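Structural characterization, general
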Amino acid sequence: MTAKIVNHILVVEDEQDTALFLKTLLEEHGYHVTLAKDGGQAHSAFVMHKPDFVILDLIMPQESGFEICERMKQKESHTPILIVTAIDSSDSRQLATRVGADGYLLKPFDPAELLELIKEISNDLWEREHLTPSSNLSDERIHFLCRCGKKLKVRRKHRGRTMTCPACNEALVVPLHD
């Protein structure tokens, strides 16, 4: 599902070697990447390019990653932001959460872990934004028809997911709306 959710990633990193490593890694996995080396570039790229995901360092020139994160979340609260930093403290993690960061990863990191976090954070945020969070509604069923005419009934929490029709074995997507 993530490949459809995240196509464009904004990387905000002032260290050129780290920024180029991230750009290469992400592009090798099919993402389009925009780089920004400070808060000004980050905000411009965020507004102009409307990324699907942001990877943000905390230690930046002129404006901290915390400030950048908070401003981005004020503009677009649904855009996931992953903090990638060398700062390993509970205070830093708590502040990152308070300003809206969706994840926190320590440098140095395993590239596979970064890629997995992008998927997890994106999927979690998509589900929070698009699926009804109420526990009462998650047990309700929605009804729809397959192309073969089979009447199907599934839980609301499965909206937007792919399933197989038990009658014709055709793959179909559960409708997002009634």
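Just so it is clear, the model here is predicted, and its values are computed rather than measured. (Residues numbered from 1 in each chain as written. Predicted model: local features only at pLDDT ≥ 70, side-chain atom pairs only at ≥ 80, totals over all residues. Heavy atoms only, no water.)

**Brief notes about the pairing of strand E3 (residues 53-56)**
A two-sided burial pattern is seen for E3, the buried positions comprising Phe-53 and Ile-55 on one face and Val-54 and Leu-56 on the other. Here 4 bridges tie strand E1 (residues 8-12) to E3, and the two strands are oriented parallel to one another. Considered in E3, the bridge of Val-12 is made with Leu-56. Looking at chain direction, E3 and strand E4 (residues 81-85) are connected through 3 bridges and run parallel. Bridged to Leu-56 within E4 is Ile-83. (Buried < 20%, exposed > 50% of the residue type's maximum accessible area, 1.4 Å probe, protein only. Helix = DSSP H or I, 4+ residues; strand = E, 2+ residues; numbered from the N terminus. Pairing = 2+ DSSP bridges.)

**So, the sheet that holds E3**
Across the sheet, 5 strands lie side by side as E2-E1-E3-E4-E5; this open sheet has parallel pairing. For this open sheet the edge positions go to strand E2 (32-36) and strand E5 (103-106), each flanked by a neighbour on one side alone. With direction set aside, neighbouring strand axes in the sheet form an average angle of 20 degrees. Pairing analysis gives 4 bridges linking E4 to E5, with the strands arranged parallel. Each residue of the ladder has a partner; that of Val-84, found in E5, is Leu-105. Packing against the sheet, helix H6 (residues 111-130) makes contact with E1, E3, E4 and E5, and its axis sits at approximately 135 degrees to E3. (Axes fitted to C-alpha atoms, helices over the stretch in contact; angles between N-to-C directions. Contact = heavy atoms within 4.5 Å.)

**What to know about the packing of helix H3 (residues 39-49) against helix H4 (residues 65-75)**
Where H3 meets H4, the axes come as close as 11 Å, and the angle between the chain directions of the two elements is 20 degrees. Considered as vectors, H3 and H4 are oriented roughly parallel to each other. Our pair here, H3 against H4, has a crossing hand that is right-handed. Seen from H3, the contacting residues are Gly-39, Ala-42, His-43, Phe-46 and Val-47; seen from H4, they are Ile-68, Arg-71, Met-72 and Lys-75. Looking at side-chain class alone, the contact of H3 with H4 contains 5 nonpolar, 2 polar and 2 charged residues. (Parallel < 35°, antiparallel > 145°, perpendicular 65-115°, else oblique. Left-handed = near helix turned anticlockwise from the far one by under 90°. Nonpolar A, V, L, I, M, F, W, Y, C, P; charged D, E, K, R; others polar.)

**Description of unusual backbone geometry**
Cis geometry is adopted by the peptide bond preceding Pro-108, which originates at Lys-107 and carries an omega value of -10 degrees. Within the secondary structure, Pro-108 is located in the loop between E5 and H6. Despite not being glycine, Asn-169 has its phi angle at roughly 65 degrees, a positive value. Mapped onto the secondary structure, Asn-169 falls in the loop between strand E8 (162-164) and strand E9 (171-173).

**A short note on the side chain of Asp-38**
Among the secondary structure elements, Asp-38 is positioned in the loop between E2 and H3. Engagement of the side chain of Asp-38 in a polar contact is seen with the backbone nitrogen of Gly-40, the distance being 3.1 Å. Within the local environment of Asp-38, its side chain forms a polar contact with the backbone nitrogen of Gln-41, the two atoms lying 2.8 Å apart. Setting aside residues no more than four positions away along its own chain, Asp-38 makes contact with Val-12, Met-60, Pro-61 and Gln-62. (Polar contact = N/O pair within 3.5 Å; in protein donor to acceptor, adjacent residues only side chain to side chain.)

**A word on the pattern of salt bridges**
Using the criterion set out here, one finds 7 salt bridges in the structure. For the salt bridge of Arg-71 with Glu-63, the shortest nitrogen-to-oxygen distance reads 3.0 Å. A residue is classified by how much of its surface remains accessible, and Glu-63, at 12% relative accessible area, is buried. The salt bridge partner of Glu-170 is Arg-147, with a shortest N-O separation of 3.4 Å. With Glu-170 in the loop between E8 and E9 and Arg-147 in the loop between strand E6 (141-145) and strand E7 (151-155), this pair connects stretches of sequence that are 23 residues apart. Overall, the relative accessible area of 26% leaves Glu-170 in the partly exposed class. According to the relative accessible area criterion, Arg-147 is exposed, its value standing at 77%. Salt bridges sharing partners connect three or more residues here, namely Glu-13, Asp-57 and Lys-107. (Salt bridge = Lys/Arg side-chain N within 4 Å of Asp/Glu carboxyl O.)

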